[in-house]
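If you want the building blocks of each chain, they are given just below.
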Amino acid sequence: MRQIIQHFTDDDLYKFTMCCAVIECFPRTQVKYKFNDRDNTVYPPGFAGLVMEQIAMLENLRITDEEIAFMRRKCNYIPAWFMSFLRGFRYDRNWVKVWQDGEGHLHIEFEGCWSNTILLEVKVLAIVSELYYIETGENRQFDYTDYYSRSYDKARRLIDAGCVFSDFGTRRRASFEAQDTAVRAMSDCQKNLQGPGRFTGTSNVYLAMKYGLTPIGTMAHEFVCAIAGMYGPLMANHIAMTKWSQTYRGALGTFLYDTYGWQIFSLNFSTDYANMFKGLRVDSGDNREQLDLIIDKYRSLNIDPRTKQIVFSNGLNVDRAIEIQKYAADKCLPSYGIGTHFTNDFAGVKPRNIVIKLTDVKITESWPFYSQTCKLSEDKGKYSGDKATVARFLETLHLTAWQQ
């Protein structure tokens, strides 16, 4: 079988930026991750073995001089020592277990040093998604000529509406070619169209390099989740903001706040951090309600919310982004990270509803036990973690008891 992931930087920028922060702040931390198919899909027989073959192929990946030079040029906030780390980085199939149960459901687990395993998530999700369509034959429905045209039109509508937007679609793309086609189309549209909006780039570092774009991204929930597992959820956001600012010295200042909901984050979001971070990312809840809460918080700190960037990334499509733009344009500096709608939007093909989440953490390898962690976003459907851990965190945070 052909290798699905063929480039080291065919990955989202936030995995590299978080990896750097992890090495800087938590170099000995050990973690576990688990795969979750929210649709409870039954995968074809032998699918787990094919996934494992693809993971083994990752061991052949090496970052190239071209990729290093591009990241140094476009991501100058990343310290030089991290590029040396990436030169020596090698994937190891022994970090991963993959199997199917008797009903055909897929199970994937990672375990190892956080700075190693953190670079598996996006690549493995992209493998599972593309491989599924190959094995079911649904990839034969992919018309990439039509996909280019529709992607171009999506970009045109967003630019005409004044939206500043980027591609966030690596994890659940239909295929590498689908994401490549979408990014190429939107890049072409940006070059050809003069409008109030702007296509700013892609989260995928390799495609940003291929098309001369800016790689987009900062952090994910796992950074806060791991800290909560080690030190508790009450101050996890505070510790995460402190460690992030120590690593990047004010750069990459968009904080993903909803790991344990707005209420808890707001208590940690003091004036110094509100001034330091250039903005926040909304990834769950009602977009308008969340924006109103953010605006009220900034105003309570005597900060003009119109000077702050708010990135919306909660299951967006073109219509939803344009709707938010109409509401948010005069209230903040809105921008939009759009994922699956850009990279897995073929007629008659259902996108995979799959995630890989960090579930267990221990501060160093010498600790004899792991501590469980979870994510509690503004949407209960996005909760992750086992029921007992979710219930414990909800109680600790004085949030509403979890309903099954």
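Computed from a predicted model, the values in this text were never measured in an experiment. (Residues numbered from 1 in each chain as written. Predicted model: local features only at pLDDT ≥ 70, side-chain atom pairs only at ≥ 80, totals over all residues. Heavy atoms only, no water.)

*Asks:* Tell me about the overall build of the protein chain, residues and numbers included.
*Replies:* Each helix and strand in the protein chain was counted, giving 17 helices and twelve strands. Its C-alpha atoms give the protein chain a radius of gyration of 20 Å, within 12% of the compact-globule value 22 Å for 404 residues. The C-alpha extent of the protein chain, read off along each of the three principal axes, is 60 × 60 × 45 Å. In the protein chain, 78% of the contacts between residues at least 6 apart in sequence involve partners at least 24 apart. Surface summary for the protein chain: the accessible area is close to 16200 Å², and the carbon and sulfur share equals 47%. Charge centroids of the protein chain, computed over 48 positive and 47 negative side chains, lie 3 Å from each other. (Helix = DSSP H or I, 4+ residues; strand = E, 2+ residues; numbered from the N terminus. Rg over C-alpha atoms; globule rule 2.2 N^0.38 Å. Contact = heavy atoms within 4.5 Å. Areas by Shrake-Rupley, 256 points an atom, 1.4 Å probe, with all protein chains shown as cover. Lys, Arg positive; Asp, Glu negative; His and termini not counted. Charge placed at Lys NZ, Arg CZ, Asp CG, Glu CD.)

*Asks:* Report on the pattern of salt bridges, specifying residues and quantitative values.
*Replies:* Under the definition given, this model contains 20 salt bridges. With a shortest N-O distance of 2.6 Å, Lys154 and Asp345 are connected by a salt bridge. In this pair, Lys154 sits in helix 7 (residues 144-160) while Asp345 sits in the loop between helix 16 (340-343) and strand 11 (354-362), placing the two residues 191 residues apart along the sequence. We classify Lys154 as buried; its relative accessible area is 9%. With a closest N to O distance of 3.1 Å, Asp304 and Arg306 form a salt bridge. Arg306 gets classed as exposed once you look at its relative accessible area, which sits at 52%. Here the salt bridges share partners, and the residues they tie into one network are Lys15, Glu121, Arg171 and Glu222. (Salt bridge = Lys/Arg side-chain N within 4 Å of Asp/Glu carboxyl O. Buried < 20%, exposed > 50% of the residue type's maximum accessible area, 1.4 Å probe, protein only.)

*Asks:* Give me the sheet that holds strand 6 (residues 214-215): which residues, what numbers.
*Replies:* With parallel pairing, seven strands are arranged side by side in an open sheet as 6-5-4-10-9-8-7. Strands at the two margins of the open sheet, each flanked by one partner only, are strand 6 and strand 7 (254-256). Against the sheet, helix 8 (residues 176-192) touches strand 4 (164-167) and strand 5 (198-202), its axis set at about 145° to strand 5. (Pairing = 2+ DSSP bridges. Axes fitted to C-alpha atoms, helices over the stretch in contact; angles between N-to-C directions.)

*Asks:* With reference to specific residues and values, describe the side chain of Asn317.
*Replies:* Relative to the helices and strands, Asn317 is located in the loop between strand 9 (309-312) and helix 15 (318-328). One polar contact links the side chain of Asn317 to the main-chain amide nitrogen of Asp319, over a distance of 3.2 Å. Separated by 2.8 Å, the side chain of Asn317 and the backbone nitrogen of Arg320 make a polar contact. Those residues in contact with Asn317 that sit more than four places away from it in its chain are Ile338 and His341. (Polar contact = N/O pair within 3.5 Å; in protein donor to acceptor, adjacent residues only side chain to side chain.)

*Asks:* Describe the sheet that holds strand 3 (residues 106-113), and please don't skip the residues or the numbers.
*Replies:* Taken in spatial order, the five strands of this open sheet run 2-3-1-11-12, and their pairing is antiparallel. Each of the sheet's edge strands pairs with one partner strand only, and the pair in question is strand 2 (96-100) and strand 12 (371-372). As judged from the five bridges shared by strand 2 and strand 3, these two strands associate in the antiparallel manner. Directly across from Val98, in strand 3, lies its bridge partner Ile108.

*Asks:* Which residues make up the layout of surface pockets, and what are the values?
*Replies:* Here the second largest pocket is characterised by a volume of approximately 450 Å³. Every residue lining the second largest pocket is counted, 23 residues in all, and those nearest its centre are Lys34, Asn36, Thr359, Gly385 and Asp386. Of all elements in the fold, only strand 1 (30-37), strand 3, strand 11 and helix 17 (387-396) reach the threshold of two or more residues within the lining of the second largest pocket. Of the residues belonging to the lining of the second largest pocket, the class tally is seven nonpolar, eight polar and eight charged. (1 Å grid on protein atoms, 1.4 Å probe; cavity = no way out; pocket = protein on both sides within 12 Å on 5 of 7 lines; lining within 4 Å. Points joined across faces, edges and corners; volume = space filled by probe spheres on them. Nonpolar A, V, L, I, M, F, W, Y, C, P; charged D, E, K, R; others polar.)

*Asks:* Go over the environment of Leu234, please, and point to the residues and values.
*Replies:* Mapped onto the elements, Leu234 comes out in the loop between helix 10 (221-231) and helix 11 (236-248). Residue Leu234 is classed as partly exposed on the basis of its relative accessible area of 47%. Residues Leu234 and His398, 164 residues apart in the sequence, show an inter-C-alpha distance of 9.9 Å. With residues up to four places along the chain from it excluded, the contact list for Leu234 reads Ile264, Asn268, Thr396 and Leu397.

*Asks:* Outline the nonpolar core, listing residues and values.
*Replies:* Ranked by size, the top nonpolar core spans 136 residues in total, and within it Ile108, Trp114, Val128, Phe223, Phe255, Tyr260 and Leu280 carry the most contacts. The greatest single-element share of this core, amounting to ten residues, is contributed by helix 1 (residues 13-25). Those residues in contact with Trp114 that lie beyond four places of it in its chain are Val22, Phe26, Thr29, Gln30, Val31, Tyr33, Glu222, Phe223, Ala226, Met230 and Leu358. (Core = buried A, V, L, I, M, F, W, Y, C linked by side-chain atoms within 4.5 Å.)

*Asks:* Got a sec to walk through the environment of Asn268? Specific residues and values, please.
*Replies:* In this fold, Asn268 is placed in helix 12 (residues 261-268). Note on Asn268: relative accessible area 7%, which makes it buried. Sequence separation of Asn268 and Asn237 is 31 residues, and the distance between their C-alpha atoms is 6.5 Å.

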